[in-house]
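Secondary and tertiary structure notes
Listed below, chain by chain, are the residues.
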Amino acid sequence: MPLLPALPDLVPRQRCGVIEFPVHHMRGGTSTGLVLHASCVPADPALREELLHHLMGVPLSGRLPGNRQITGLGRGAPTSNKVFLVEVEQHAGQPRLVSTLAQLAAEHGDIDWSVNCGNMSSALQLWGLDSGVIEALAIGAHDIDIRNTNTGVVTTSRMARELDGSFTATDIPGVPGSFPRVDLFLQQPAGAKTGKLLPTGKAQDTVHGYDVSCVDVAVPMVIAQASQFGKTAQEAIRELEADTAFMQAIRQVWSAAGLLMGLRRRDGELMTLEELERSETIPKFCIVGPAAGEENIAVRYFTPQAGHASLAVSGGCCLAAACLIPGTVAHALARGVPPVGQAAAEIELGIANPAGILGTTIVARQAGDAIAIDSAAYRRSTQILLRGHVPLYQPSAALKAWLLKQF
């Protein structure tokens, strides 16, 4: 089936003297934003950013404290100020989506082009199907790769259709109701930061008297047994954060474990203990315990300085992988986890967290005496909030001239 990058609904138009720009307003996971066909967006950086400012209702320049974005489709929070520019390329004889994320903010006009968004990425396969740029799904599951230009990371998105043509649906934490299910597979995620699945070389270490497992799948994380801290991994995050003795203890543990893991700064130098104590990003930390329901394990997750209201998808993938590795703290506490076989197989695990259940899928196999993690998937849901054209009432002369050439 030929690709159709210039469908009528994917190009600008003029109506009543006003230029209108084509958009899909979508939710992916717990984020919302716009998905635009990249070919419709100006290549010139200044015109491109001006267009995004108009669409999202953010200042063209400078700062606008308290901006409520009432002139655009943004919603104030960073999780609802995302725009993906997407197109299709051919790779190894197959279509592949190419995504570029623009992260905007309500109160100023600066755009961050350096990051990706795992939540909004779950909207891209549905966008491709709905806009016609990728082939419609037949009954059953369908995978398509997504190459992100911000980070260079390639993920695989999977959706499925039921016999009646509807998409297979799922519930996810933080989103009420069931919507089309998307599984996003991170390819070769082991050693994402350190180059090693087990950065210390061991499945378990003792740090300041606590038994922990240091695992690096998608993100480096320190996993500790909740009961060693007098906890159950069922507590409210606010309750944990209010326990100053507990917070001090885990800070000492993650900092010392970070040294054992050999974590490095962006310049490649090893992080010092003081840098790890101040770090807002690595290593992640969690306490785990037996799940109260049918899930495989329960967790309370820290990023690391603050508790997380649910569980980051990267951290969920790391914990799920750790549940499969004999000798780890997670493996000892997880219930109902099948053993890893010689052939690569998909193993689904449910992780109980404060917001509900995070579904994950780990593709794992035995590699000699070790476990190899080929990919790790997190489950999201997605929906189209609206599709159509947004009138641009105040484009600059330069942007208007460029858009008029696209008709």
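Keep in mind that this is a model prediction, so the values were computed, not measured.

Time to look at unusual backbone geometry. A cis geometry characterises the amide bond from isoleucine 282 onward to proline 283, with omega recorded as -10 degrees. Here proline 283 lies in the loop between helix 5 (273-278) and strand 13 (284-289). Residues other than glycine seldom take positive phi values, yet cysteine 16 does so here, at roughly 55 degrees. By the secondary structure assignment, cysteine 16 is in the loop between strand 1 (13-15) and strand 2 (18-28).

For the protein chain, the mean per-residue pLDDT works out to 94, and 98% of the residues sit at or above 70. A low-confidence stretch, residues 1-6 (pLDDT under 50), is modelled with 14 contacts involving residues beyond four sequence positions or located in other chains.

Tracing the chain through its elements places isoleucine 325 in the loop between helix 6 (313-323) and helix 7 (329-333). Residue isoleucine 325 is classed as buried on the basis of its relative accessible area, which comes to 5%. Sequence separation between isoleucine 325 and leucine 97 is 228 residues, and the spatial gap between their C-alpha atoms is 33 Å. When residues no more than four places from it in sequence are discounted, the contact partners of isoleucine 325 are Leu197, Leu198, His331 and Ile371.

Structural remark: α-helix, 3.6 residues per turn; residues separated by three or four positions point the same way. Look at helix 1 (residues 45-56): 17 Å from first C-alpha to last across 12 residues, which is about the 16 Å you get at 1.5 Å a residue. What helix 1 keeps buried is the set Leu47, Glu50, Leu51, Leu52, His53, His54, Leu55 and Met56. The elements touched by buried residues of helix 1 are strand 2, strand 3 (31-37), strand 4 (82-91), strand 5 (94-103), strand 17 (370-392) and helix 8 (397-404). Looking at where helix 1 begins, the residue whose side-chain oxygen comes 3.1 Å from the main-chain nitrogen of alanine 46 is aspartate 44. One or two residues past the end of helix 1 sits glycine 57, with phi positive at roughly 75 degrees.

Analysis parameters
Residues numbered from 1 in each chain as written. Predicted model: local features only at pLDDT ≥ 70, side-chain atom pairs only at ≥ 80, totals over all residues. Heavy atoms only, no water. Helix = DSSP H or I, 4+ residues; strand = E, 2+ residues; numbered from the N terminus. pLDDT = per-residue confidence, 0-100. Contact = heavy atoms within 4.5 Å. Buried < 20%, exposed > 50% of the residue type's maximum accessible area, 1.4 Å probe, protein only. Expected span 1.5 Å × (residues − 1). Polar contact = N/O pair within 3.5 Å; in protein donor to acceptor, adjacent residues only side chain to side chain.

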